[in-house]
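Coordinates in review
Listed below are the residues making up each chain.
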Amino acid sequence: MTKKTLIKNISIVNEGQITVADLLIDNGLIRLIGQLIDHKNVKVVDGTGKYLFPGIIDGQVHFREPGLTHKGDLYTESKAAIAGGVTSFIDMPNTFPNVLTIDILNEKYRIASEKSLANFGFLLGVNGDNLDEIIKLDTSKLLGVSDDGLYFTKKGNLLADNSETMEKLFANCKSIIAIHSEKEQIVEENENIYREKYGENVPIEFHPIIRSEKACYEATKRAIDIANKHKARLHILHLTTEAETHLFRNDIALKDKNITTEVSVHHLWFSDIDYKRLGTLIKWNPAIKTEKDKKGLLKALLDDRIDLVTTDHAPHTLDEKQKPYFQAMSGAPIVQHSLNIMLEFYKQGHISLEKIVEKMCHNPATLYKIENRGFIREGYFADLTIVDLNSIWTVSKENIVSKCGWSPLEGTTFQTKITHTFINGNLAYENGKFDETKRGQALQILT
């Protein structure tokens, strides 16, 4: 049984309000919220001057296990997550083997139950090869299905590039369908143009032109049109362009939307001016694009056309990142710093704490129908994150937790620090020290 913990005199950020109160954790749950008298035999955490968030739920990560564990695994990357205040994550299907069957999906859950320090969920992969099997399944009991990352293993695996496959899936699937939205044909045409000019050493500055606004917009519009036709439940992953934001609604509540989307933190933080400084270290698919796109994404996040903030955390070794353009792997580690990035926007006056919590805690739980998480409520799991809004530190190799050991944010100074992370009531992280005695739990969905 987990020992009781009393968090005293802390500013609780939850459901659109900030309230100074105490919070009692008992047996893994939030037991009481209010002005509480010290109990005997409790661990007391002084929250004076600090802020309490529901634990961050990261709706898109690539933790690399099984099959790619030389660059990350469920233990190392969940450890990086909790250092960043992330208490739950949803992992994508492009591990090896690709997660294309229920048996492989169940095996990932088994491995995570033994290794993950944070709570965990996994999406089932879908492509042209297993489409008929997916349609036969009752996917309503799953977090969702996705094609994300599967295009790396075989051309033509992107749903957004195949209207016939989308029609069939969207007409029959009973769960969220989360897709990577780029039109492969346009990307390939652009690749050929720049390969003819530069060979294999295309300057990285052309990445957002090769993986262009047009490639994203056309794919997203077509996917939305097909989803609306079939009343399917579509989620567009990692939106990157201002143009695409106008395809989404903000006139209805999230729980009533059948079309949703997210933005990953790097598309809010970086823009194409950063390629000169960071090169292929910030090569992501879809690409980091222009300052105009960056500002448009933030605007759409604030006015609720964009529903979630995620990371698309995707570690690679430095050697894999520093190859010529076409060989350099896409993706980077960022889960440890996503909340710091969003809090930096708060410090700059761009977003409120309440809105950060809405997009990183409440909305992931609502969108994926995660049971008893994402909110600070009595009876909910005690997944909690304490932040100090006035603590300056700089990202360096010495404080990076991800297995790959580097970050495109190295040298970045943040003004906020995650001081405590509770997972199911267990104080898993406190001021740089980890308690690894307990493992996270599988996310359960409301049915």
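Here's a quick rundown of the structure. Here the structure is a predicted model, which means the values were calculated and not measured. (Residues numbered from 1 in each chain as written. Predicted model: local features only at pLDDT ≥ 70, side-chain atom pairs only at ≥ 80, totals over all residues. Heavy atoms only, no water.)

Some details on the packing of helix α4 (residues 163-172) against helix α7 (residues 213-230)
Between α4 and α7, whose axes approach to 9 Å, the crossing angle comes to 35 degrees. α4 and α7 meet at a crossing whose hand is right-handed. Taken together, the residues of α7 that come into contact with α4 (itself represented by Ser163, Met166, Glu167, Phe170 and Ala171) are Arg222, Ala223, Ile226, Ala227, Lys229 and His230. When the residues that make up the contact of α4 with α7 are grouped by side-chain class, the tally is six nonpolar, two polar and three charged. (Axes fitted to C-alpha atoms, helices over the stretch in contact; angles between N-to-C directions. Helix = DSSP H or I, 4+ residues; strand = E, 2+ residues; numbered from the N terminus. Left-handed = near helix turned anticlockwise from the far one by under 90°. Contact = heavy atoms within 4.5 Å. Nonpolar A, V, L, I, M, F, W, Y, C, P; charged D, E, K, R; others polar.)

Examining the packing of aromatic side chains
Going through the model one piece at a time under the given rule, you end up with 13 aromatic pairs. Ring centres 6.1 Å apart and planes at 55 degrees place the aromatic pair tyrosine 109 and phenylalanine 120 in the tilted group. Placement of the pair is tyrosine 109 in helix α2 (residues 102-115) and phenylalanine 120 in strand β8 (residues 119-122), with a sequence separation of 11 residues. We note that tyrosine 109, like phenylalanine 120, is buried. With centroids separated by 6.5 Å and ring planes inclined at 80 degrees, the aromatic side chains of phenylalanine 375 and tyrosine 380 adopt a geometry described as edge-to-face. Considered together, phenylalanine 375 and tyrosine 380 belong to a single accessibility category, that of buried residues. Three or more aromatic residues joined by ring pairs form one cluster here, namely Phe63, Phe89, Tyr109, Phe120 and Phe122. Stacked on the ring of phenylalanine 434, the Lys or Arg lysine 79 has its end atom at 4.7 Å from the ring centre. (Phe/Tyr/Trp six-rings, centres within 6.5 Å; stacked < 30°, edge-to-face > 60°. Buried < 20%, exposed > 50% of the residue type's maximum accessible area, 1.4 Å probe, protein only. Lys NZ or Arg CZ within 6 Å of the ring centre and 35° of its normal.)

What to know about the pattern of salt bridges
In the structure shown here, the tally under the stated rule is 32 salt bridges. One salt bridge in this structure joins aspartate 73 and lysine 403, with 3.1 Å as the shortest N-O distance. One end of the pair, aspartate 73, is in the loop between β6 (56-61) and α1 (74-83); the other, lysine 403, is in the loop between β16 (393-394) and β17 (413-414), with 330 residues separating them in the sequence. Overall, the relative accessible area of 8% leaves aspartate 73 in the buried class. A residue is classified by how much of its surface remains accessible, and lysine 403, at 39% relative accessible area, is partly exposed. Residues aspartate 304 and lysine 355 are paired through a salt bridge, measuring 3.0 Å at the closest nitrogen-oxygen approach. One end of the pair, aspartate 304, is in the loop between α11 (291-302) and β14 (308-310); the other, lysine 355, is in helix α14 (residues 353-367), with 51 residues separating them in the sequence. Take lysine 355: its relative accessible area is 15%, and that puts it in the buried class. The network of salt bridges with common partners includes Asp304, Lys355, Glu358 and Lys359. (Salt bridge = Lys/Arg side-chain N within 4 Å of Asp/Glu carboxyl O.)

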